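Coordinates in review
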Amino acid sequence: SLEEPGCLRSPEELEAYVERVGFLPLFAGAVPGFSVEEHTAADHWWTGDRYDPWEWRKSLPAGRRLLYGKFFAGKAGYIARDWFPEFANWRRNGYDFDSLYEDELASHRSKKIMDLFRDREELLSPEVRQLAGFASGEKNFEGAITALQMQTYLVSAGLRQRQNKAGRPYGWAVTVYTTPERLCGYDFVTSRYADEPLACRGRILEQLRTLYGAGEAAALAALG
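To start, this report covers the structure provided alongside it. The structure presented is a predicted model; accordingly, all values stated were derived computationally and were not measured.

1. Comments concerning the overall build of the chain
Check the secondary structure of the chain and you find 11 helices and 6 strands. For the chain, whose C-alpha radius of gyration is 18 Å, the value lies close to the compact-globule estimate of 17 Å for 224 residues. If one aligns the C-alpha atoms of the chain with their principal axes, the spans along those axes are about 50 × 50 × 30 Å. Residue burial in the chain is summarised as follows: out of 224 residues, 47% are buried. Sequence-distant contacts in the chain: of pairs separated by 6 or more residues, those separated by 24 or more amount to 58%. For the chain, the accessible area works out to roughly 11,300 Å², and carbon and sulfur atoms hold 49% of it. In the chain, the 28 positive side-chain charges and the 32 negative ones have mean positions that sit 5 Å from each other.

As structure tokens, this is what we get:
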């Protein structure tokens, strides 16, 4: 409940907590205590009120102090800005996307998605699907877009409703995708590229061990 000690009751409190711990998935997993879910009031999720952490996803990424996306075993969560270069170097293994594709380590479908962001700052999820040539119900789209977030090439810049031809919003809010380089700058995102990717992985695992007592197997299960 909201009255429990340590319960996060606002997006600002969650932002401060994530900055303190470094990174945090939305939902509970293999490491006890390592989730937004376990630090917020269960009876306020999906209520649409101001204590609903599901609603906070609309505004938090826009502040740029946290990056949001499917970073944790294909599931959503936050990474504090200062920790993002560690994840980028580990997950990308030192590769920019173009190099990854040239070495045949990325799919043609992923390439079609990433090419959209060469001359566009951001795109809504349905726009990415359509422009990259995925059919309406095609499950491959979710797999490709999740993989690009896990690899830190794409992040969510928040949620937004689509607009009709008259410019009026309609329907559910959908994910706005962008690149972390646009949000934080290329030099910042790649600032750990000189390190061994395994060194970055080690620092991330050590953070989980220090803060949550996580063993390596549980930590890797939570991180993916």
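So, next bit.
2. Quick notes on the side chain of E15
Mapped onto the elements, E15 comes out in helix α1 (residues 11-21). By relative accessible area, which is 10% here, E15 ends up buried.

3. Topic: the nonpolar core
L14, F23, F34, Y78 and L223 are the most contacted members of the largest nonpolar core, which totals 41 residues. At the level of secondary structure, the elements contributing two or more residues to this core comprise α1, β1 (23-25), β2 (66-72), β3 (75-80), α3 (84-92), α8 (180-184), α10 (197-212) and α11 (216-223). Setting aside its immediate chain neighbours within four residues, F23 contacts V18, F34, F72, Y78, I79, W83, F87, I204, Q207, L208 and L223.

4. Things to note about the packing of helix α5 (residues 108-115) against helix α7 (residues 139-150)
Their axes nearest at 10 Å, the elements α5 and α7 cross at an angle of 70 degrees. Here α5 is positioned roughly perpendicular relative to α7, judged by the angle of their axes. Pair α5 / α7 crosses with right-handed handedness. Two secondary-structure elements touch here, α5 through R109, S110, I113 and M114 and α7 through N140, F141, A144, I145 and L148.

5. As for unusual backbone geometry
Its identity is not glycine, yet E104 carries a phi of approximately 60 degrees, on the positive side. With respect to the helices, strands and loops of the structure, E104 is situated in the loop between α4 (97-102) and α5. In this structure, T152 is a non-glycine residue whose phi angle is positive, near 70 degrees. Relative to the elements of secondary structure, T152 occurs in the loop between α7 and β5 (155-163). Among the residues examined, T152 registers a relative accessible area of 0% and is labelled buried.

6. Describing the environment of H108
Within the fold, H108 resides in helix α5. Distance in space between the C-alpha atoms of H108 and A144 is 9.9 Å, their sequence separation being 36 residues. There is a polar contact of 3.2 Å between the side chain of H108 and the side chain of Y101.

Calculation criteria
- Residues numbered from 1 in each chain as written.
- Predicted model: local features only at pLDDT ≥ 70, side-chain atom pairs only at ≥ 80, totals over all residues.
- Heavy atoms only, no water.
- Helix = DSSP H or I, 4+ residues; strand = E, 2+ residues; numbered from the N terminus.
- Rg over C-alpha atoms; globule rule 2.2 N^0.38 Å.
- Buried < 20%, exposed > 50% of the residue type's maximum accessible area, 1.4 Å probe, protein only.
- Contact = heavy atoms within 4.5 Å.
- Areas by Shrake-Rupley, 256 points an atom, 1.4 Å probe, with all protein chains shown as cover.
- Lys, Arg positive; Asp, Glu negative; His and termini not counted.
- Charge placed at Lys NZ, Arg CZ, Asp CG, Glu CD.
- Core = buried A, V, L, I, M, F, W, Y, C linked by side-chain atoms within 4.5 Å.
- Axes fitted to C-alpha atoms, helices over the stretch in contact; angles between N-to-C directions.
- Parallel < 35°, antiparallel > 145°, perpendicular 65-115°, else oblique.
- Left-handed = near helix turned anticlockwise from the far one by under 90°.
- Polar contact = N/O pair within 3.5 Å; in protein donor to acceptor, adjacent residues only side chain to side chain.

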